Amino acid sequence: MTDRRAPRVHPNVLFGWGALLALALEAGVRLALPAGSHVQGQRLGEAHGFVALGLLALVLLAQPAWTRPYRRPLGLLAFAFALLHTAYSFQFDLDGRLDSLAFLAVGTRNGVLVGALSLALLVPLALTSSRPAQRALGRHWRTLHRLTPPAFVLAGVHTAWVGVHAGLTPLTVGGVLVTLATLVTLVGRAVGARRARVHSPRRTS
Ligand code: HEM
């Protein structure tokens, strides 16, 4: 038996929704905060960071067969939002200068570096997300794409470490994120394993 459910919405439609969300965030923050203020850029950076984190979680949750076609657009959108987040954070939190890192407290600097590491893991995933790349890499493609959970966990650690989070302590946010990451991974794996059992050919002996 195979899962015949086709995706109800064409996966590429998600790119359109992603673009609309980016525009809505841009417009919302620009309308809500004083024009051209530094804080506008910072809030936009934070919003893009949370959207990237949420999209990465959705990639991990997309385990059932009918959701798999959505993984690629979700992953590419997560990468695009992570790039926007990095650009805004670099411009408005680090004043557009790499040497600003030297003036951060050691802990904060390490937290930012964990974010950079997460982004670095996302780069090869985004570059090899196309079908030709998948074919070219063969079985190595799966191995490479096992980087998705570590990239998500690193992004979560980074968020807990350096984010502002509306007055919550990094420890509280960290605890919630680690719990969520564990749940996402466990539920995803359990659903994947159950599906694999249901759809594997019956043994005849
Ligand atoms: C080179 C890569 C990165 C740099 C330089 C960077 C930089 C920063 C900085 C400076 C902050 C603090 C912002 C603030 O508190 O105003 C921050 C927070 C955050 N970052 Fe990143 N980041 C990077 C990668 C990532 C990635 C890959 C993700 C997600 C996939 C991410 C998600 C977040 C989130 C959700 C916050 C918390 C916002 C808040 O609560 O204030 N970051 N990042």
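Residues numbered from 1 in each chain as written. Predicted model: local features only at pLDDT ≥ 70, side-chain atom pairs only at ≥ 80, totals over all residues.

Rule in force here: UniProt positions are given in the numbering used here, feature names are shortened, and annotations may be inferred rather than shown by experiment.
If you check an unreviewed UniProt entry, the chain appears there as Ferric reductase domain protein transmembrane component domain protein from Deinococcus maricopensis. Quoted verbatim from the Subcellular location (unreviewed entry) heading of the UniProt record, the comment on the chain is "Membrane".

### Considerations on the UniProt feature "transmembrane region" (unreviewed entry) in the chain
As a reminder, the rule being used: In this description a helix means any DSSP run of H or I spanning at least four residues, a strand means any run of E spanning at least two, and both kinds are numbered starting from the N terminus.
Following the UniProt record, the feature "transmembrane region" (unreviewed entry) maps to residues 48-66, 73-90, 102-127, 147-166 and 172-192 here. Between the first and last C-alpha atoms of residues 102-127 the distance is 31 Å; the span itself is 85% helix and 0% strand.

### Quick word on the site of the ligand
Heads up, the condition is: Each residue receives a C-beta atom built from its backbone; the residue is near a molecule or strand if that atom lies within 6 Å of it. Think of it as three bins: nonpolar holds Ala, Val, Leu, Ile, Met, Phe, Trp, Tyr, Cys and Pro, charged holds Asp, Glu, Lys and Arg, and polar takes everything else, Gly as well.
Taken together, 26 residues lie near the ligand, and Gly49, Gly115, Ala116, Ala155 and Gly163 sit nearest. The set of elements that each furnish at least two residues to the shell around the ligand consists of helix H2 (38-61), helix H3 (71-92), helix H4 (106-127) and helix H7 (148-162). Among the elements that line the shell around the ligand, the one with the most residues is H2, at eight residues. The class makeup of the residues in the shell around the ligand is twelve nonpolar, twelve polar and two charged.

### Observations concerning the nonpolar core
As a reminder of what qualifies: To form a nonpolar core, buried Ala, Val, Leu, Ile, Met, Phe, Trp, Tyr and Cys residues must be joined through C-beta atoms within 7 Å. Here the C-beta atoms are placed from the backbone, and a residue counts as buried if at least 20 other C-beta atoms lie within 10 Å of its own, exposed if 12 or fewer do, and partly exposed otherwise. By definition, residue pairs are in contact when their C-beta atoms, positioned from the backbone, come within 7 Å.
Ala52, Leu55, Leu56, Val59, Ala78, Phe81 and Phe152 are the most contacted members of the largest nonpolar core, which has 32 residues in total. Among the elements of the structure, H2, H3, H4, H7 and helix H8 (170-199) are those that each provide at least two residues to this core. At ten residues, the largest contribution of residues to this core is made by H2. Among all residues touching alanine 52, those that are not within four sequence positions of it are Ala78, Phe81, Ala82 and His85.

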